[in-house]
Amino acid sequence: MSSARRDCATAMAEAATTWLDSLDDEQRRDGTGAVPADDESDGERRRWFYTPTDHGGLELHRQSPTQQRSVMRLVATGLSDAGYVTVATTMGLENVLDQVEGFVTRFDRERGRDPGLYYLRVFGEPGPTGAWGWRFGGHHVSLNNLVVDGELVSTTPCFMGADPASSPLLGGGVNRPLARVEDLARELVASLTVEQQGRAILLAKAPSDFVTANRTVVSEGDRVIPLAGIWRDERFPDEVEQEKLQKLSDAIDTAADYTDDDHEAVAYSLEPRGVAGRELDPPQRHLLRRLLSTYFDRVPEGVSPMPAYDDEAALDAVHIAWAGSLEAGAPHYYRLQGPRLLIEWDNTQRGANHAHSVWRDPDADFGADVLAEHRARHRH
């Protein structure tokens, strides 16, 4: 058992307990969920979103300032300093996005772009024994953590996005929360030989979103899901707002201009596509490690799996694939894939100024493997 993972789990339990103790009965009903388990009762915990929909839980709007601070304290326990700053910045960008869109977007609620619509739910009872977890999410944030017998065992799916991906600051500065997540990948693919690029670049056009979307489980052949399909409810009660969402979704798909063959070219496959780390020279391998760190080091030091990729064999098995242009500012997508690793990035929408990034473990998202072992142990 990792000492760092135990320490992190302890900090999470303390922060979660403080928050739970502050809730009234109504808040607790929305802020809590079933004990994590390896069966159908765990279905809600394994639902996740990155669109501005109801992520499930108690939203910040319905909490006092003290409770909101407790929420953010818990969020901070699951992130590195840089990860926390990125999440907090993303939440604040809702105000910027509202201004970009003219303060008119609704999505069938009072305010469509809303930094108060981030949701926390704790599953089970925080403590040193048994299984419990927590999920925090809202537009462009989804953090999913599982603790079993006092150890943090899963931190995926871990999603961070930014819209706008790039926005102006005073004095000519630029706010790009995910800058290195984008730029390091482009630099790496641009450094490949012509022959390698021919294998790494799956298609000259980028998909409209990342391929596996918000699926609970990723599977061979998964394709992009249209925006309108990535919401908690099938339809808005307000038909006018539903029509607006559908038109937006259709416009995004039209802009991507993808044929059936195009979708097939970038579809998720169990066999990694692209160029393997074993084919890279030392400077390129250094770039690949730096790129991986922009995902793995979102979580606290000691919890990050980054040190595992000091092993040359582990890095050898990581493949990189790309779709779209290599020109900065043009729509593009990339995927990193290896054993128990799936990373996806896209920056295609809103004129390639709307970024998504996700880190997943295709074999054990949500701690599915540990929960199965836990159930087997406790059967006997």
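You'll find the structure just up there.
Residues numbered from 1 in each chain as written. Predicted model: local features only at pLDDT ≥ 70, side-chain atom pairs only at ≥ 80, totals over all residues. Heavy atoms only, no water.

A. Just the side chain of Q63, in detail. Assignment of secondary structure puts Q63 in the loop between strand 2 (58–59) and helix 3 (65–77). Judged by its relative accessible area of 6%, Q63 falls in the buried class. Residues within four places of Q63 in sequence aside, it is in contact with W19, Q27, L58, Q68 and V71. (Helix = DSSP H or I, 4+ residues; strand = E, 2+ residues; numbered from the N terminus. Buried < 20%, exposed > 50% of the residue type's maximum accessible area, 1.4 Å probe, protein only. Contact = heavy atoms within 4.5 Å.)

B. Representation of the nonpolar core in the model. Judged by nonpolar contacts, the single largest core of 64 residues is most densely connected at W134, F136, L292 and Y334. At 8 residues, the largest contribution of residues to this core is made by helix 1 (residues 3–21). Beyond its immediate chain neighbours, meaning those up to four positions away, Y334 contacts V181, A185, L291, Y295, A321, W322, I343, E344 and W345. (Core = buried A, V, L, I, M, F, W, Y, C linked by side-chain atoms within 4.5 Å.)

C. Seen up close, the pattern of salt bridges. As enumerated under the stated definition, the model contains 35 salt bridges in all. The partner of D42 in a salt bridge is R45, and the shortest N-O contact between them spans 2.9 Å. Here D42 matches R45 in class, with each residue buried. Notably, a salt bridge pairs E182 with R176, separated by 3.9 Å at the nearest N-O pair. (Salt bridge = Lys/Arg side-chain N within 4 Å of Asp/Glu carboxyl O.)

D. Quick look at helix 1. For helix 1, with 19 residues, the first-to-last C-alpha span of 27 Å sits near the 27 Å given by 1.5 Å per residue. Of the residues making up helix 1, those classed as buried are C8, A9, M12, A13, A15, A16, W19 and L20. The backbone nitrogen of A4 lies 3.3 Å from a side-chain oxygen of the residue at the head of helix 1, namely S2. (Expected span 1.5 Å × (residues − 1). Polar contact = N/O pair within 3.5 Å; in protein donor to acceptor, adjacent residues only side chain to side chain.)

E. Highlighting the environment of D108. Within the secondary structure, D108 sits in the loop between helix 4 (81–100) and strand 3 (119–123). Spatially, the C-alpha atom of D108 lies 9.6 Å from that of L245, the residues being 137 residues apart in sequence. Aside from chain neighbours lying at most four places away, what touches D108 is F236, P237, D238 and E241.

F. Representation of helix 7 (residues 239–256) within the structure. For helix 7, which comprises 18 residues, the first-to-last C-alpha distance of 26 Å matches the rise-based estimate of 26 Å (1.5 Å per residue) to within 8%. Within helix 7, burial applies to E241, Q242, L245, S249, I252 and A256. Buried positions in helix 7, seen along its axis, are confined to an arc of 105° and lie on one side of it. Residues of helix 7 that are exposed and point over 90 degrees away from its buried face: V240, K247, T254 and A255. Where helix 7 begins, one side-chain oxygen reaches toward the backbone nitrogen of V240, 2.9 Å away; that side chain belongs to D238. (Arc of directions from axis to C-beta.)

G. The arrangement of the pairing of strand 12 (residues 319–324) in detail. Burial analysis of strand 12 places 6 of its 6 residues in the buried class, which makes it a mostly covered element. In this sheet, strand 12 lies alongside strand 10 (residues 201–203) in parallel orientation, the contact comprising 2 bridges. Opposite I201, over in strand 12, you have W322 as the bridge partner. Where strand 11 (residues 275–276) meets strand 12, 2 bridges bridge the pair, whose relative direction is antiparallel. Of the residues in strand 12, the one forming a bridge with A276 is H319. As judged from the 6 bridges shared by strand 12 and strand 13 (residues 332–338), these two strands associate in the antiparallel manner. Note on strand 13: the bridge partner recorded for I320 is L336. (Pairing = 2+ DSSP bridges.)

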